[in-house]
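# Structural features, examined
Here is what each chain is made of, one letter per residue.
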Amino acid sequence: MKPIDNFYFNKEEPIKGCLLALKAIIMNYDSAFTPKWYYRLPCFMYKNQIFCYLWIDKKTQSPYIAIGKGVEIEHPDLIQGKRTFTKLLMIDPNEDIPIEKIHIIFDMAMKLYN
């Protein structure tokens, strides 16, 4: 199995299902997105740049979407912390995934790439 596949399938439920659903949501958002294992992260590339990546918070064990160029986006649900490049959208694996919110944030981010 490839490292990018291991990232998803080595997780336990409900995190595994949440990550796989997020992957599908991201890939369905734009056909130009390309999944890539980059810096040991499951990234989604757009025009050869990192658009976003998936990861799991060490403290809460909750998945999140890290938005590339996220520091240039103002949205109340994005968390910057000490990051200088990305902002995070935390996802509760036990709740419905906020697809509409993800699309709104992605719409904002796409304007930075075009």
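Before any of the text, the structure's been laid out above.
The following paragraphs examine the structure supplied in this document. These figures come from a predicted structure and were not determined experimentally. (Residues numbered from 1 in each chain as written. Predicted model: local features only at pLDDT ≥ 70, side-chain atom pairs only at ≥ 80, totals over all residues. Heavy atoms only, no water.)

### Some points on the packing of aromatic side chains
The geometry of two aromatic rings is summed up by the distance between their centres and the angle between their planes. Across all of its chains, the model carries 13 aromatic pairs by this definition. Centre to centre, the rings of Phe 33 and Tyr 46 are 5.8 Å apart; their planes meet at 80°, and the pair counts as edge-to-face. Here Tyr 46 lies in strand 2 (residues 41-46) and Phe 33 lies in the loop between helix 2 (15-29) and strand 1 (34-38), a separation of 13 residues in the sequence. For the residue pair Phe 33 and Tyr 46, the accessibility class agrees, reading buried in each case. (Phe/Tyr/Trp six-rings, centres within 6.5 Å; stacked < 30°, edge-to-face > 60°. Helix = DSSP H or I, 4+ residues; strand = E, 2+ residues; numbered from the N terminus. Buried < 20%, exposed > 50% of the residue type's maximum accessible area, 1.4 Å probe, protein only.)

### Considerations on the pattern of salt bridges
Under the criterion given, the structure shown has two salt bridges. Lys 87 is the partner of Glu 74 in a salt bridge, and the nearest nitrogen-oxygen pair spans 3.8 Å. One end of the pair, Glu 74, is in the loop between strand 4 (63-67) and strand 5 (78-79); the other, Lys 87, is in strand 6 (residues 87-90), and 13 residues separate them in sequence. Ionic pairing is found between Lys 101 and Asp 77, a salt bridge with its closest N-O pair at 3.0 Å. (Salt bridge = Lys/Arg side-chain N within 4 Å of Asp/Glu carboxyl O.)

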